[in-house]
Amino acid sequence: GAAQKEIYEWCLEGLREGRHVVRLKIGDPFVFGRGGEEVLEFRDFGVEPAVIPVSFQTLFFYSVTIPPLADLEKKCMKTQGVSAAFSAPLLGSIPVTHRGVSNQVVMCTGYGRDNTSPDLIQYQKEQTVVFLMAVGRLRTLCDNLHRKANFPVDTPVAIVERAGCPDQRTVVGTMESIADIAEANNVRPPSTIVVGEVVNVLLTEDDFAREVDSATQEGLIRTDA
């Protein structure tokens, strides 16, 4: 709408003047908000934003020279953190919802009562499923999602390993390939699994050969085979 367009114009004006621009959002703008859309808009401006999730706000830093993440952490990371179900995908450049792609989010654990597998929700294309504490049974999980919940074998799947740590990795594949990729690359807990089309909204091939969100993330892997 007109108000959103005006916000973009203000931010662009600041960037042209060489300023640091902070987009402060109340709540999580990547959950039923415009977070992903704003990232894409600012990429069109030629700027890669640093996205900093904190307790009740998300900070977008749009700048040609963005301050180091370590400096930002001292200022922004003092409040209680958000759930890994939301913060881990965001740190891996994956919004859990995106207009026209996903309109609902389901959060699941990989282990039910007495170490059983939890019931799985049936496949819906415009849905994101986030699994916590599930990487240890990834192969079984993917098999069950395909056979019992009707997830197509080409459904995008991402694993964000050690989110927010210096050795964070984002591993991307499909329902059919992700278990082999994770095994080949020794993916371990703590890891957050994201299933759905949102995996491919913001990630590009370039993300796996450069710095992402101002934090050096080594060992990023993207495999579609």
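Just so it is clear, the structure is predicted and the values come from calculations on it, not from any experiment.

For Glu 161, the location among the structural elements is in strand β6 (residues 156-161). In this structure the side chain of Glu 161 is engaged in a polar contact, spanning 2.7 Å, whose partner is the side chain of Arg 169. Within polar-contact distance, the side chain of Glu 161 engages the backbone nitrogen of Arg 188 at 2.8 Å. Residues within four places of Glu 161 in sequence aside, it is in contact with Gln 168, Arg 169, Asn 186, Val 187, Arg 188, Pro 190 and Ser 191.

Time to look at the pairing of strand β5 (residues 128-132). Most of β5 sits inside the fold, with four of its five residues counted as buried. Taken together, the five bridges between strand β4 (residues 105-109) and β5 define a ladder with parallel strand orientation. What sits directly across from Cys 108, in β5, is Phe 131. In terms of strand pairing, β5 meets strand β8 (residues 191-195) through four bridges, oriented antiparallel. Its bridge partner being in β8, Val 129 is matched across the sheet by Val 195.

Here we take up helix α2 (residues 35-44). Three or more residues of α2 are buried, namely Gly 35, Gly 36, Glu 37, Glu 38, Val 39 and Phe 42. Remark: Gly 46 follows α2 within two positions and exhibits a positive phi of approximately 90°.

Mean pLDDT over the protein chain works out to 78, with 74% of the residues at or above the 70 mark. Confidence over residues 210-219 falls short of pLDDT 50; this stretch has 25 contacts with residues more than four positions distant or in other chains.

The subject of this paragraph is the packing of helix α1 (residues 2-16) against α2. Working note: a packed helix pair is described by the angle between its axes plus the distance between those axes. At a minimum axis distance of 12 Å, the contact between α1 and α2 shows a crossing angle of 45°. In this view, α1 runs oblique relative to α2, as classed from their interaxial angle. By crossing handedness, the relation of α1 to α2 is classed as right-handed. Packed against α1, whose contacting residues are Gln 4, Tyr 8, Cys 11 and Leu 15, the element α2 presents Glu 37, Glu 38, Glu 41 and Phe 42 at the interface. Looking at side-chain class alone, the contact of α1 with α2 contains four nonpolar, one polar and three charged residues.

Taken as a whole and judged by the stated rule, the model has three aromatic pairs. Between Phe 42 and Phe 45 the ring centres are 5.0 Å apart and the planes differ by 75°, which places this aromatic pair in the edge-to-face class. The exposure class assigned to Phe 45 is partly exposed, which follows from its relative accessible area of 25%. Aromatic pair Tyr 123 and Phe 151: ring centres 5.1 Å apart, planes at 70°, arrangement edge-to-face. One end of the pair, Tyr 123, is in the loop between β4 and β5; the other, Phe 151, is in the loop between α5 (138-147) and β6, with 28 residues separating them in the sequence. Residue classification places Phe 151 among the buried residues on the basis of a relative accessible area of 3%. One aromatic cluster in this structure is built from Tyr 8, Phe 42 and Phe 45.

Procedures and definitions
Residues numbered from 1 in each chain as written. Predicted model: local features only at pLDDT ≥ 70, side-chain atom pairs only at ≥ 80, totals over all residues. Heavy atoms only, no water. Helix = DSSP H or I, 4+ residues; strand = E, 2+ residues; numbered from the N terminus. Polar contact = N/O pair within 3.5 Å; in protein donor to acceptor, adjacent residues only side chain to side chain. Contact = heavy atoms within 4.5 Å. Buried < 20%, exposed > 50% of the residue type's maximum accessible area, 1.4 Å probe, protein only. Pairing = 2+ DSSP bridges. pLDDT = per-residue confidence, 0-100. Axes fitted to C-alpha atoms, helices over the stretch in contact; angles between N-to-C directions. Parallel < 35°, antiparallel > 145°, perpendicular 65-115°, else oblique. Left-handed = near helix turned anticlockwise from the far one by under 90°. Nonpolar A, V, L, I, M, F, W, Y, C, P; charged D, E, K, R; others polar. Phe/Tyr/Trp six-rings, centres within 6.5 Å; stacked < 30°, edge-to-face > 60°.

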